[in-house]
Amino acid sequence: MTVPSIPTFVPALTTEAQPIVSEAEMQAAVRTLLLGLGEDPDREGLRDTPKRMVKALKFLTSGYQQSLDELLNGAIFPEDLDEMVLVRDIDLFSSCEHHIWPIIGKVHVAYIPNGKVIGLSKIARICEMYARRLQVQERLTAQIADALQGLLNPQGVAVVVEASHMCMVMRGVQKPGSWTSTSAMRGVFSSDSRTRQEFFNLISHSPASR
């Protein structure tokens, strides 16, 4: 019996890199999964499921096709500030790389400028870019912090992610209501306990506008 060859992963060098597996092959793989589950992929309710699932997965992993340069579009500005900038409660939707099940939560991001500031919406977009990849929460948290540290060279960056993992809620240990918190501290947030505590105090209370 001939064993089909398995495509080898080739990292994309640019956002224009072509996929090594066609969309038709991806849809065929979903069809095989449905057959393996004992379903009839030709019945009315499932006939378009392979196409829909591939489209959904491509959207949920669209962060692989984005780069920081494209995302920022020049939105870094000179500014002589040295006080904390905080964007909190950024909605997070990602996918666990172990089961490709949802990770749902919030991200809190702060930095202390060092001659440059970034457009506030770009902070949310950076979180979104890394979230729209297959992830583990620990790496996602570090990637957001390291991206801002590299882009701005600020005095420090702090990131906290609080999320619920559907692979813990709907399967396995099945613990609804459980949340995972991860943090990444860079620069002064790591070295100065008072700055770090100020950040945690700011994200621990409800904003006045709510």
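The rules we used
- Residues numbered from 1 in each chain as written.
- Predicted model: local features only at pLDDT ≥ 70, side-chain atom pairs only at ≥ 80, totals over all residues.
- Heavy atoms only, no water.
- UniProt positions renumbered as here; feature names shortened; annotations may be inferred.
- Axes fitted to C-alpha atoms, helices over the stretch in contact; angles between N-to-C directions.
- Helix = DSSP H or I, 4+ residues; strand = E, 2+ residues; numbered from the N terminus.
- Left-handed = near helix turned anticlockwise from the far one by under 90°.
- Contact = heavy atoms within 4.5 Å.
- Nonpolar A, V, L, I, M, F, W, Y, C, P; charged D, E, K, R; others polar.
- Disulfide = S-S within 2.5 Å.
- Expected span 1.5 Å × (residues − 1).
- Buried < 20%, exposed > 50% of the residue type's maximum accessible area, 1.4 Å probe, protein only.

As recorded in an unreviewed UniProt entry, the chain goes by GTP cyclohydrolase 1 and comes from Acaryochloris marina. Looking at the chain in UniProt, the text filed under Catalytic activity (unreviewed entry) is "GTP + H2O = 7,8-dihydroneopterin 3'-triphosphate + formate + H(+)". Turning to the chain, the UniProt annotation filed under Sequence similarities (unreviewed entry) states: "Belongs to the GTP cyclohydrolase I family."

Caption draft 1: Region of the structure containing the packing of helix H1 (residues 23–36) against helix H2 (residues 49–60). Running from N to C, H1 and H2 point in directions that differ by 115°, and their axes come no closer than 8 Å. Helix-helix and strand crossings are classified by hand; for H1 and H2 the assignment is right-handed. Of H2, the residues touching H1 (which contributes Glu23, Met26, Gln27, Val30, Arg31 and Leu34) are Thr49, Pro50, Lys51, Met53, Val54 and Lys58. In the contact of H1 with H2, the residues fall into six nonpolar, two polar and four charged.

Caption draft 2: Examining the state of the cysteines more closely. Using the criterion set out here, one finds zero disulfides in the structure. For cysteine 96, which is in no disulfide, the shortest distance to another cysteine sulfur is to cysteine 167 and amounts to 4.0 Å.

Caption draft 3: Up close: helix H4 (residues 120–131). Under the 1.5 Å per step criterion, the end-to-end length of H4 is 17 Å for twelve residues, consistent within 8% with the ideal 16 Å. Those residues of H4 not exposed but buried are Lys122, Ile123, Ile126, Cys127, Met129, Tyr130 and Ala131.

Caption draft 4: Local environment of the UniProt feature "binding site: Zn(2+)" (unreviewed entry) in the chain. Those places that UniProt annotates as "binding site: Zn(2+)" (unreviewed entry) correspond, in this numbering, to Cys96, His99 and Cys167. What stands out for the annotated residues spanning 72 residues is how close their C-alpha atoms remain, the widest pair being 7.8 Å apart. By the secondary structure assignment, cysteine 96 is in strand E2 (residues 85–96). Dropping the residues within four chain positions of it, cysteine 96 is found in contact with Trp101, Ile103, Gln135 and Cys167. Relative to the elements of secondary structure, cysteine 167 occurs in helix H6 (residues 166–169). Sequence-distant contacts of cysteine 167, defined by excluding residues within four places in its chain, comprise Cys96, His99, Trp101 and Gly172.

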